[in-house]
Amino acid sequence: ESRLKLGPASLTSRYWSEKIRPYLFKEVSLNSREDVTTFMPLVQLAASSPSSSLAVHITEIVLEHRLPTPPWIYLILNFLSQGLLPNLQHLSLRSSGNVSSVGGSKMVEVRSPYYEDLPRSLPVPPNLPLEEHTLESLNFRSFKNLFGAIESLRSSHILCTGLTWPESDTALPLGIPP
């Protein structure tokens, strides 16, 4: 809410723009492929312009990935590997399925929420400072797919709620991996 009030104030003069910019761009939320494709050129332009300090003010990026949607997480992960955000300290990702109101418990079925239907020749995402990785209300095709989704993005904190996979899946681990 305070960001909505600060936005117009930042347009009044260059002085106020420079004072308010750190608060406006400290945290950036990206919720779709369109958000990412708008954000990337903006950061590239800011990084190439010595008078713009936009990129240095971004310290946190929150990715909200609502399924089912075509994959877009790989776009931002590969973009962030370019190092255009020197002060990025916190990157979090929340992937959630849309629970159907018809039947109440039908969940989105996925193989991988980040690479579904993408060519397998895509580069491995770089090691980024992903601090929080949340998976909610997803029905994986197998336990192996769930484990692959978790392992595909290294994170210091993982939260899984409402995840399912077929009961007949015998690929369950015998113990906790190291």
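Our subject is the structure listed above.
Parameters at a glance
- Residues numbered from 1 in each chain as written.
- Predicted model: local features only at pLDDT ≥ 70, side-chain atom pairs only at ≥ 80, totals over all residues.
- Heavy atoms only, no water.
- Phe/Tyr/Trp six-rings, centres within 6.5 Å; stacked < 30°, edge-to-face > 60°.
- Helix = DSSP H or I, 4+ residues; strand = E, 2+ residues; numbered from the N terminus.
- Buried < 20%, exposed > 50% of the residue type's maximum accessible area, 1.4 Å probe, protein only.
- Core = buried A, V, L, I, M, F, W, Y, C linked by side-chain atoms within 4.5 Å.
- Contact = heavy atoms within 4.5 Å.

A. Molecular detail of the packing of aromatic side chains. Summed over the entire model, instances satisfying the criterion amount to two aromatic pairs. Ring centres of Phe 39 and Phe 79 lie 6.3 Å apart, and the angle between their planes is 75°; on these two criteria the pair is classed as edge-to-face. Here Phe 39, found in helix α3 (residues 33-48), pairs with Phe 79, found in helix α5 (residues 73-80); they are 40 residues apart in sequence, far enough to count as distant. Pair check on accessibility: Phe 39 and Phe 79 agree, each one buried. Seen in terms of ring centroids, Phe 143 and Trp 165 are 5.1 Å apart; in terms of plane orientation they differ by 65°. Their pairing is edge-to-face. Residue Phe 143 is located in helix α6 (residues 143-152), and its partner Trp 165 is located in the segment after β7 (157-161); the two are separated by 22 residues in the primary sequence.

B. The arrangement of the nonpolar core in detail. Grouped together as the largest cluster of nonpolar side chains are 22 residues, with contacts concentrated most on Leu 30, Phe 39, Ile 61, Leu 63, Ile 76, Leu 80 and Leu 85. Those elements giving two or more residues to this core turn out to be β1 (27-30), α3, β2 (60-67), α5 and β3 (90-97). Looking at this core, the element that brings in the most residues is α5, giving five residues. Those residues in contact with Leu 63, other than ones at most four positions away along the chain, are Leu 30, Trp 72, Ile 73, Ile 76, Leu 91, Ser 92, Leu 93 and Arg 94. Among the nonpolar cores identified, the runner-up in size contains nine residues, and Leu 146, Ala 149, Ile 150 and Leu 163 belong to it.

This is a description of form; function is not addressed.
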